[in-house]
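Observations on the three-dimensional arrangement
So you can see what is in the structure, the chains are spelled out below.
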Amino acid sequence: MISKSRWKLLAMLALVLVVMVWYSISREDRYIELFYFPIPEKKEPCFQGEAERKASKLFGNYSRDQPIFLQLKDYFWVKTPSAYELPYGTKGSEDLLLRVLAITSYSIPESIQRLNNAPVAGYEGDVGSKTTMRLFYPESAHFNPKVENNPDTLLVLVAFKAMDFHWIETILSDKKRVRKGFWKQPPLIWDVNPRQIRILNPFFMEIAADKLLSLPMQQPRKIKQVQKPTTGLLAITLALHLCDLVHIAGFGYPDAHNRKQTIHYYEQITLKSMAGSGHNVSQEALAIKRMLEMGAVKNLTFF
Ligand SMILES: CC(=O)N[C@H]1[C@H]([C@H](O)[C@H](O)CO)O[C@](OP(=O)(O)OC[C@H]2O[C@@H](n3ccc(N)nc3=O)[C@H](O)[C@@H]2O)(C(=O)O)C[C@@H]1O
Ligand SMILES: CO[C@@H]1[C@H](O)[C@@H](O)[C@H](O[C@H]2[C@H](O)[C@@H](NC(C)=O)[C@H](OCc3ccccc3)O[C@@H]2CO)O[C@@H]1CO
């Protein structure tokens, strides 16, 4: 038999528990503190120009005056000759580009974050909750640009071929869509505000390929698959150019011999799916290791 006072105590405890649960659910941040181990926030000093100094060691003698996004004035008023074709330059794509720049913007945001169609919702603990910039190419564009982005997220087109400029032009000017010329069908209807669109300066692709991976800038036309940096390596290159402190998360591929391990946190595809992608995963891993060792970037996850 449980005595009356014990019942009272149990009832009190149950009440306290109910109030705690109610309070913590009503305040999501408290909920995290009460039911999970809070991750201690490490305050790191951010020295102005720190990443810049490290980047110049990595990139050698390179100009920081380059605009992040392509701008109309450089193609309209003056002709800006480029030594390379896409994805390392704009040679041969100037007319298409001019039309795209006439309908997009080029102002610069304060900071940068994620890329391609990687989801944010549900992974905020690892990837943060605000997407300042999302690097993408037509084939990686989410069919609904509102998903995984904020209303003010900049959607930064990384052009790999002239058709990529053509695609964005047809979308923004509602011209006749072209289906051919893509390795995967990009969206044909894309409900996006042209003010959100930017065109990345191919200079960053050139730096990533040339300085970080030592890839040839001009590859024979008949070659089946052109070697190129991943969007992630490109994003790191851009971040080193833009930011004082660069943290990376989610980089590092599974063991090349482990055919079953998935490569993304959000889907089940494995390394096999990357065959023919034109990326050199082990070369990129070495480049990132070098950046980590010299303290140019800091890793938030396992590499
Ligand atoms: C199957 C395939 O072609 N996958 C490519 C995908 C795919 O085209 C898009 O996701 C489509 O939406 O795109 C890429 O890359 P992806 O979008 O997978 O990844 C972005 C960056 O994260 C790095 N990464 C990814 C997974 C992992 N386990 N470790 C990593 O280090 C990648 O190296 C990359 O730097 C791309 O654009 O670069 C490169 C991938 O090769
Ligand atoms: C940063 O690169 C992006 C992605 O990570 C790559 O996987 C992808 O590679 C594709 C490559 O760009 C395509 N090449 C051309 C010239 O379009 C290649 O095309 C082969 C092909 C052709 C026709 C029909 C199907 C496939 O396909 C690669 C993917 O398998 O490039 C991305 C940037 O576009």
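Counting starts from 1 at the beginning of each chain's written sequence and moves along it residue by residue. As a convention, the first chain written is A and the first ligand written is 1, with the rest following in written order. Predicted model: local features are reported for residues with pLDDT of at least 70 only, side-chain atom pairs are reported and counted for 80 or more only, and whole-chain, interface and lining totals are derived from all residues. The basis for every side-chain value is the complete set of non-hydrogen atoms in the structure, without hydrogens or water.

As stated in UniProt under Subcellular location (unreviewed entry), the record for the protein chain gives "Golgi apparatus membrane". According to the UniProt record, the Sequence similarities (unreviewed entry) comment for the protein chain is "Belongs to the glycosyltransferase 29 family." UniProt positions are given in the numbering used here, feature names are shortened, and annotations may be inferred rather than shown by experiment.

**A look at the pairing of strand β2 (residues 154–157)**
Summary of the burial criterion: residues with accessible area below 20% of their type's maximum are buried, those above 50% are exposed, and those between are partly exposed, where the area comes from a 1.4 Å probe applied to protein chains only. Here a helix means four or more residues in a row that DSSP labels H or I, a strand means two or more in a row labelled E, and each is numbered from the N terminus. Here β2 shows two buried faces, one formed by Leu154 and Val156 and the other by Leu155 and Leu157. Here strand β1 (residues 133–136) pairs with β2 via 4 bridges, running parallel. The residue bridging arginine 134 from the neighbouring strand is leucine 155, located in β2. We treat two strands as partners when DSSP finds at least two bridges between them. In terms of strand pairing, β2 meets strand β3 (residues 197–199) through 3 bridges, oriented parallel. Looking at β3, one finds that valine 156 is bridged to arginine 198. Whether a crossover is right-handed comes down to one check: with the strands pointing away from the viewer, does the path from the first strand over the helix to the second run clockwise; if it does, it is right-handed. Traced from β2 through helix α7 (residues 162–172) to β3, the parallel crossover comes out right-handed.

**Here we look at the nonpolar core**
We call a set of buried Ala, Val, Leu, Ile, Met, Phe, Trp, Tyr and Cys residues a nonpolar core when their side-chain atoms join them within 4.5 Å. With 41 residues, the main nonpolar core has Phe59, Leu200, Leu212, Leu240, Val246 and Met291 as its most contacted residues. Residue assignment for this core shows that the elements contributing at least two residues are α3 (50–59), β1, β2, α8 (203–212), α9 (231–242) and α10 (281–293). Here this core takes 7 residues from α9, the largest share from any one element. Formed by 22 residues, the second largest nonpolar core is a distinct cluster that contains Tyr75, Phe136, Ala141 and Ile168.

**Topic: the environment of leucine 238**
For leucine 238, the position within the fold is in helix α9. A relative accessible area of 1% places leucine 238 in the buried class. The contact criterion used is simple: two residues touch if any of their non-hydrogen atoms lie within 4.5 Å. Those residues in contact with leucine 238, other than ones at most four positions away along the chain, are Ile68, Met133, Leu135, Leu200 and Phe204.

**Focus on the site of ligand 2**
Whether a residue is near a molecule or strand is decided by its heavy atoms; if any one of them lies within 4 Å of it, the residue is near. In the vicinity of ligand 2, the residues found are Tyr137, Glu139, Phe160, Trp183, Gln225, Lys228, Pro229, Thr231, Gly276, Ser277 and His279. Lysine 228 is positioned with one of its side-chain polar atoms (N or O) 3.3 Å from an oxygen atom of ligand 2. When residues are sorted by character, Ala, Val, Leu, Ile, Met, Phe, Trp, Tyr, Cys and Pro go into the nonpolar class, Asp, Glu, Lys and Arg into the charged class, and all the rest, Gly among them, into the polar class. A breakdown of the residues in the shell around ligand 2 according to their chemical character gives 4 nonpolar, 5 polar and 2 charged. Think of a polar contact as two N or O atoms within 3.5 Å of one another; within protein, one of them needs to be a possible hydrogen donor and the other a possible acceptor, and neighboring residues in sequence only count if both atoms come from side chains.

**Considerations on the packing of aromatic side chains**
Ring pairs (aromatic) are described by centroid distance and by the angle formed between their planes. Ring pairs shown here join Phe, Tyr and Trp side chains whose ring centres sit within 6.5 Å, with only the six-membered ring taken for Trp; geometry is labelled stacked below 30 degrees between planes, edge-to-face above 60, and tilted in between. Enumeration according to the criterion identifies 8 aromatic pairs in this entry. Each ring, one from phenylalanine 136 and one from tryptophan 167, has its centre 6.3 Å from the other, and the planes form 70°; the classification is edge-to-face. Residue phenylalanine 136 is located in strand β1, and its partner tryptophan 167 is located in helix α7; the two are separated by 31 residues in the primary sequence. Among the aromatic residues, those joined into a ring-pair cluster are Tyr123, Tyr265 and Tyr266. Only when the NZ of Lys or the CZ of Arg is both within 6 Å of the ring centre and within 35 degrees of the ring normal is a charge said to sit over the ring. The lysine or arginine in question, arginine 198, covers the ring of phenylalanine 69, its NZ or CZ lying 5.9 Å from the ring centre.

**Brief notes about the site of ligand 1**
In the region of ligand 1, 20 residues are neighbours, and Thr230, Thr231, Tyr253, Ile263 and His264 sit closest. Interatomic distance of 2.6 Å between a side-chain N/O atom of threonine 230 and an oxygen atom of ligand 1. Separating a nitrogen atom of ligand 1 from a backbone N or O atom of glycine 250 is a distance of 3.5 Å. Reported accessibility uses the Shrake-Rupley method at a 1.4 Å probe radius. Residues are deemed covered only where the shown protein chains occlude them. In the complex, the protein chains occlude 87% of the 730 Å² of accessible area that ligand 1 would expose alone. Grouping the amino acids of the shell around ligand 1 by side-chain chemistry returns 8 nonpolar, 12 polar and no charged.

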